[in-house]
Amino acid sequence: MIAVAARNAADIAERGTPCSLRMRAWFEGSIKALLWSLTCFTVVTTAAIISVLAYETYGFFTIQNHPEVSVWSFFVGTEWSPLLGAQPMFGVLPLVAGTLLVTTIAGIVALPIGLMTAVYLSEYAPARRRTVLKAVLEILAGVPTVVYGFFALTFITPYLLQPLSNSFGAYNAMSAGIAVGIMILPIVCSLCEDALRAVPQSLRDGAYALGSTKFDVSAKVVVPAGLSGVIAAFLLALTRAIGETMIVALAAGGLAQLTANPTAQVQTMTAYMVQIFLGDAPAAGIEYKSSYAVAFTLFLITFFLTWIGALVLRRYREEYE
Amino acid sequence: MMSGRAIATSRRLLKNRLFLYGCLAGTSIAILVLCVLMISIAIEGWSSVSWHFLDSFASRKPAQAGIKAPLMGSVWVCVICALVAIPMGIGTAIYLEEFAKHSRIKRLIQLNISNLSGVPSIVYGILALAAFVRFFGISSSDDHWSIGDSESFFYLHFPFGPSVLAGGLTLALVILPIMIIASQEAFRSVPQSLRQGALALGSTQWQVIWRVSLPAALPTIMTGAILAMSRAIGEAAPLLVIGGFLLVFHTPTNLMSDFTVLPLQIFNWAGRPQGEFHKLAAAAILVQLVVLLVFNSAAIILRHKLQKPLQS
Amino acid sequence: MSQPSALVPSMDPLTTTTPPPQRAEETRPASVAPPSAISMRGFNSWYGTNQVLHALDLEIAPRQVCGFIGPSGCGKSTLLRWINRMNDTIPGARAEGTLSLHGIDLLDKTLDVVDLRRRVGMVFQKPNPFPKSIFDNVAFGPRLHRVYSRTDLEELVEQSLRASALWNEVKDRLDSSALGLSGGQQQRLCIARAVAIGPEMLLMDEPCSALDPRSTASIEELIRELRASYTIVIVTHNMQQASRVSDATAFFYEGRLIESGPTDILFTNPKNRQTEDYVSGRFG
């Protein structure tokens, strides 16, 4: 490393400084300004997302001649039927409930398995096996979500769920939830592993020296010490599950209903947006605009969760650095 | 007392053992799932993969359908996405890691970036629909103004409409936060001693970055970029929002061409009730997974090369 | 340094460090244990292909403080970590020869290391309290090994904290985080944590190297008190510390045992030239 530093530094010395001090300051300054504006772009993006969503949502709530649309009825309404019948209903709760149901199933599938795998990777696995497992997880993480959706529709439902019980329809919350769980598994796993590996080795040594088994060390020292990182990992993974679109659009169905029954079909917030943007509704119509209100709700939920996740994560980084 | 302790010890050892088996089971599930996924899709789709499949356009008759348009669409969109997102991501990371001082504002920007990485991709689609496809409604699609003529490669019109360019920019929005975070970690892992060595020899801050930090961080950045791009290749939701083209019968010829991408084509076929189309979807997935495996192997090889000098 | 013959380990296989007479009455007469707590013969150790310990022969007597001294990298910490098999956690570490604790073969592959570590406590170079409360830190070991009722546990924690001279400083804040203690307090907490599981022996790996002089003095004081009840092996860089706290001292150089014996003899009248150079501060 030192040799590299020396070589690079010597390179620089050789070239010398070709321009005058003023030129140099100008050059450095303009590069800095350019990079600064790139950085600002991220802030602009956030602002733009919020403005677009807020503007269109405002348009939805102030639309003329639709007494059924009000902020209050939107957030507490228990019926969502924008495309059906003469009297459309815009209560977002069934969509939120659908999202929650799928996310809960995904969490039940992915969080324990992900944490166990992370413990195995960080505490047990020999270096070679670890490399292989990380590669497998990386591939799983890269599989397009539409593939998981297809898998849920053509494998999980007909070959895993329907043999168990014939109450499962072709579209159901369970298959979508399992597929979303598989999708977030690599995220849970790699973030949890980062958190566990950040726990200093000296704590493990201390616990082993007291006669702990590997289980004691993992469950009573390492996981509690890395807990905030693990929680942050869970939050970030669940955020991904909430925002997941293609899996639920393919496998969960298209009927918005307020239910906790995993065999039933549900519509999530994202699936509704897909339905609208695929062109089932005329643009500028009330149904079309309603998708923006749904998107805004979704954005607020995920933004809030990632924000908490990032705060927790920062706290745990501060603990050990 | 000894026997009591012996029992307690053996119980603890048993617990230890069970825990290991639990962890192993958890780990095997991940591998098992990957295998089942690959095998079930391979069985369903293998028979449909052929040169004809790669070289034909979509069709209402399953036997004649192919993925030429989505395949080329994916290539165009991803190239544009990479050209935009990778330099922007690296630039932002450089500013945050090398220039920005620790301050409240930097912390807020950092928090904002991690929040952006958690925003569902479909929401980026909505932003892109407003910003790139419609230019916030500044000019309506009827009276758009343009540069170049529609036959040429660099033909542009404003607003972009649901074009390849808009698609690429949309994906760039989606992966930009991932790209920034990966590059930042790469810069953070460059030892401070390298920078100080160069500074001590009288290099300017930009010279340090350009000649020391960036070369040292580049392999890690490229690994991150490949993984970010593998995310971009698989994205369907935001492109569905901006375009909604599910049937395209030509390959893109310039930045303003209509397009579809592989994941959208898969979604289209998977959503149909007929089994023949499911076979096509599986075949398209196989193609997609091969591309993905190529990307992942590239990342793994790159990382391997990267680790070697540290071992010697 | 220039004399290769000086690197040959002590040829006498029984450089037994007999307990000094003034400590003899403190040794329990009922003890039927063999005279040595630790005994090693022809002990070799490797990390991968790199041999770090060469043909060690050493006996450590029970209920006294044995100091390991020598320049860094001489293998003294490695040897310490074999006594409670902490080296098991390091890939590629292996050992040959004889190393036994009260006649138990410590290199036995089937040895229950969990039970071994319960009997042999360890204190590390840097204080490593768990990110839990003070009480939970001390109670960690007892909770692992046996089930105590809450009151028994409280008593045990108090005893252990008293034994490590920390009780008066922390008795009002047992439920606050151990990370809020000063470095010296943290290290005494780690000693209390090790003492709480009732070990026969304590291994200390440079326990004062991360501490300020005042905390060091309090730890040394504590070590002198603890030797009444435990066999203590302490690795140290600091020769004054070795001369202050240990009854017997072993000097290591480049993975070999150069000389061992009662501390006062080793420091005032060393047999070996190299030992003399080291203890008088001429190298190392």
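Residues numbered from 1 in each chain as written. Chains lettered and ligands numbered in written order. Predicted model: local features only at pLDDT ≥ 70, side-chain atom pairs only at ≥ 80, totals over all residues. Heavy atoms only, no water.

A.B. asks: Can you break down the overall build of chain C residue by residue, with the values?
C.D. replies: Scanning chain C from terminus to terminus reveals 11 helices and 10 strands. Taken across its 284 residues, chain C has 55% of its residues classed as buried. For chain C, the exposed surface amounts to about 12,200 Å²; the carbon and sulfur share of it is 51%. (Helix = DSSP H or I, 4+ residues; strand = E, 2+ residues; numbered from the N terminus. Buried < 20%, exposed > 50% of the residue type's maximum accessible area, 1.4 Å probe, protein only. Areas by Shrake-Rupley, 256 points an atom, 1.4 Å probe, with all protein chains shown as cover.)

A.B. asks: Describe the overall build of chain A, with residues and values.
C.D. replies: Within chain A one finds 13 helices and two strands. Classification of the 321 residues of chain A by burial places 57% in the buried group. A separation threshold of at least 6 residues defines the contact pool for chain A, and within that pool the share at least 24 residues apart is 67%. Accessible surface, chain A as shown: approximately 13,400 Å² in total, 66% of it carbon and sulfur. (Contact = heavy atoms within 4.5 Å.)

A.B. asks: Pulling in residues and values, what's your account of the packing of helix 6 (residues 164-188) of chain B against helix 8 (residues 205-234) of chain B?
C.D. replies: Residues and elements named next belong to chain B. It is the contact of helix 6 with helix 8, at a shortest axis distance of 8 Å, that shows an interaxial angle of 150°. Accordingly, the angle class assigned to the pair helix 6 and helix 8 is roughly antiparallel. Relative to helix 8, helix 6 is oriented so that their crossing is right-handed. Here L171, V174, I175, I178, M179, A182, S183, A186 and F187 of helix 6 come into contact with helix 8, specifically with S213, L214, A217, T220, I221, G224, A225, A228, M229, R231 and A232. For the contact of helix 6 with helix 8, a count of residues per class yields 15 nonpolar, four polar and one charged. (Axes fitted to C-alpha atoms, helices over the stretch in contact; angles between N-to-C directions. Parallel < 35°, antiparallel > 145°, perpendicular 65-115°, else oblique. Left-handed = near helix turned anticlockwise from the far one by under 90°. Nonpolar A, V, L, I, M, F, W, Y, C, P; charged D, E, K, R; others polar.)

A.B. asks: Go over the interface of chain B and chain A, please, and point to the residues and values.
C.D. replies: The interface of chain B with chain A comprises 93 residues on the first partner and 86 residues on the second. Buried surface at the junction of chain B and chain A, summed over both partners, amounts to about 7,900 Å²; 77% is from carbon and sulfur atoms. It is B:F19, B:I126 and B:R211 that lose the most area in chain B upon contact with chain A, and together they represent 8% of the buried surface on that side. Where chain B packs against chain A, one counts zero salt bridges. (Buried area = accessible area lost by both parts, 1.4 Å probe. Salt bridge = Lys/Arg side-chain N within 4 Å of Asp/Glu carboxyl O.)

A.B. asks: Describe the pairing of strand 9 (residues 248-253) of chain C, listing the residues and the values that go with them.
C.D. replies: Residue and element names in this part refer to chain C. In terms of residue burial, strand 9 counts as a mostly covered element, since six of its six residues are buried. Residues A248, A250 and F252 point to one face of strand 9 and T249, F251 and Y253 to the other, with burial holding for every one of them. Pairing of strand 3 (residues 65-69) with strand 9 involves four bridges; the strand directions are parallel. Bridging across to strand 9, C66 finds its partner in A248. (Pairing = 2+ DSSP bridges.)

A.B. asks: With reference to specific residues and values, describe helix 4 (residues 104-118) of chain B.
C.D. replies: Counted at 1.5 Å a residue, the expected span for helix 4 of chain B with its 15 residues is 21 Å, and the 21 Å between its end C-alpha atoms agrees. Taken together, the buried positions of helix 4 of chain B are occupied by B:K106, B:I109, B:L111, B:N112, B:I113, B:N115, B:L116 and B:G118. (Expected span 1.5 Å × (residues − 1).)

A.B. asks: Explain a nonpolar patch on the surface residue by residue, including any values.
C.D. replies: Residues A:V71, A:W72, A:F75 and A:V76 make up a contiguous nonpolar surface patch of roughly 430 Å² in combined accessible area. Within the fold, A:W72 resides in helix 3 (residues 71-76). (Patch = residues over 30% accessible without salt bridge, like charges linked within 9 Å, V, L, I, M, F, W, Y side chains within 5 Å.)

A.B. asks: An account of the packing of aromatic side chains is requested, with residue identities and associated values reported.
C.D. replies: Any two aromatic rings considered together are summarised by their centre-to-centre distance and by the angle between their planes. The final tally for this structure, using the stated rule, is 25 aromatic pairs over all chains. Seen in terms of ring centroids, A:W80 and A:F90 are 5.6 Å apart; in terms of plane orientation they differ by 85°. Their pairing is edge-to-face. Of this pair, A:W80 sits in strand 1 (residues 80-81) while A:F90 sits in strand 2 (residues 89-90), placing them 10 residues apart in sequence. The buried category is assigned to A:F90, whose relative accessible area is 3%. Between C:F43 and C:W82 the ring centres are 6.4 Å apart and the planes differ by 80°, which places this aromatic pair in the edge-to-face class. With C:F43 in strand 1 (residues 38-47) and C:W82 in helix 2 (residues 76-83), this pair connects stretches of sequence that are 39 residues apart. Given a relative accessible area of 4%, C:W82 falls into the buried group. Here the aromatic cluster, defined as three or more aromatic residues joined through ring pairs, consists of A:F60, A:F61, A:F74, A:F75, A:W80, A:F90 and A:Y272. Here the basic side chain of B:R272 rests over the ring of B:F277, its NZ or CZ set 4.4 Å away from the ring centre. Above the face of the C:W46 ring, C:R94 is positioned so that its terminal group lies 4.4 Å from the ring centre. (Phe/Tyr/Trp six-rings, centres within 6.5 Å; stacked < 30°, edge-to-face > 60°. Lys NZ or Arg CZ within 6 Å of the ring centre and 35° of its normal.)

A.B. asks: Outline the sheet that holds strand 2 (residues 50-60) of chain C, listing residues and values.
C.D. replies: Residues and elements named next belong to chain C. One open sheet accounts for four strands, arranged 2-1-4-5; its pairing is antiparallel. Every other strand in the sheet has two partners, leaving strand 2 and strand 5 (104-105) as the edge strands with one partner each. Note that strand 1 and strand 4 (residues 93-101) share eight bridges and pair antiparallel. Paired with S45 across the strands is A95, a residue of strand 4.

A.B. asks: How would you explain the layout of surface pockets if you had to name every residue and give the values?
C.D. replies: In this structure, the second largest pocket occupies an estimated 1,200 Å³ of space. Lining the second largest pocket are 36 residues, and of these A:E123, A:Y208, A:K214, C:D88 and C:T89 sit closest to its centre. Going through the elements one at a time, helix 4 (93-124), helix 5 (127-142) and helix 8 (201-209) of chain A, helix 1 (2-45) of chain B together with strand 4 and helix 3 (113-119) of chain C are the ones with two or more residues in the lining of the second largest pocket. Classifying every residue of the lining of the second largest pocket by side-chain character gives 17 nonpolar, seven polar and 12 charged. (1 Å grid on protein atoms, 1.4 Å probe; cavity = no way out; pocket = protein on both sides within 12 Å on 5 of 7 lines; lining within 4 Å. Points joined across faces, edges and corners; volume = space filled by probe spheres on them.)

A.B. asks: Residues and numbers for the environment of C:E276, please.
C.D. replies: Residues and elements named next belong to chain C. You can see E276 is positioned in helix 11 (residues 273-279). Overall, the relative accessible area of 35% leaves E276 in the partly exposed class. The sequence separation of E276 and L266 amounts to 10 residues, and the corresponding C-alpha distance is 8.3 Å. Other than its neighbours up to four places away in sequence, E276 contacts P270 and R282.

A.B. asks: Break down the pattern of salt bridges for me, with residues and values.
C.D. replies: All names here are of chain C. Counted under the stated rule, the structure contains 20 salt bridges over all chains. Between E158 and R162 there is a salt bridge; the shortest N-O distance is 2.7 Å. Of this pair, E158 and R162 both sit in helix 5 (residues 150-163), four residues apart, which is roughly one turn of the helix. Judged by relative accessible area, E158 falls into the partly exposed class, the value being 25%. Taking the shortest distance from any N to any O, the salt bridge between E221 and R224 comes out at 3.6 Å. One end of the pair is E221 and the other is R224, both in helix 8 (residues 213-226) and three residues apart, which spans about a single turn.

A.B. asks: So what about the environment of A:P224? Which residues, and what values?
C.D. replies: Structurally, the position occupied by A:P224 is in helix 9 (residues 214-225). Its relative accessible area of 36% is what places A:P224 among the partly exposed residues. Sequence separation between A:P224 and A:V199 is 25 residues, and the spatial gap between their C-alpha atoms is 9.7 Å. Excluding residues within four positions of it along the chain, A:P224 makes contact with A:S218, A:A219 and C:K132.

A.B. asks: Can you lay out helix 7 (residues 173-197) of chain A for me, pointing to particular residues and giving the numbers?
C.D. replies: Quick reminder: α-helices carry 3.6 residues per turn. Residues three or four places apart thus point the same way. Residues and elements named next belong to chain A. Helix length check: helix 7 (25 residues) gives 35 Å between terminal C-alpha atoms against 36 Å at 1.5 Å per residue, within 8%. Taking the largest bend as the criterion, helix 7 deviates by roughly 40°, centred on I184, and proline P186 comes between one and four positions later. The element helix 7 is largely enclosed, with a buried count of 20 among its 25 residues. The N-cap residue of helix 7 is N172: its side-chain oxygen and the backbone nitrogen of M174 are 3.2 Å apart. (Bend = angle between axes of the 7 residues up to and from the residue. Polar contact = N/O pair within 3.5 Å; in protein donor to acceptor, adjacent residues only side chain to side chain.)

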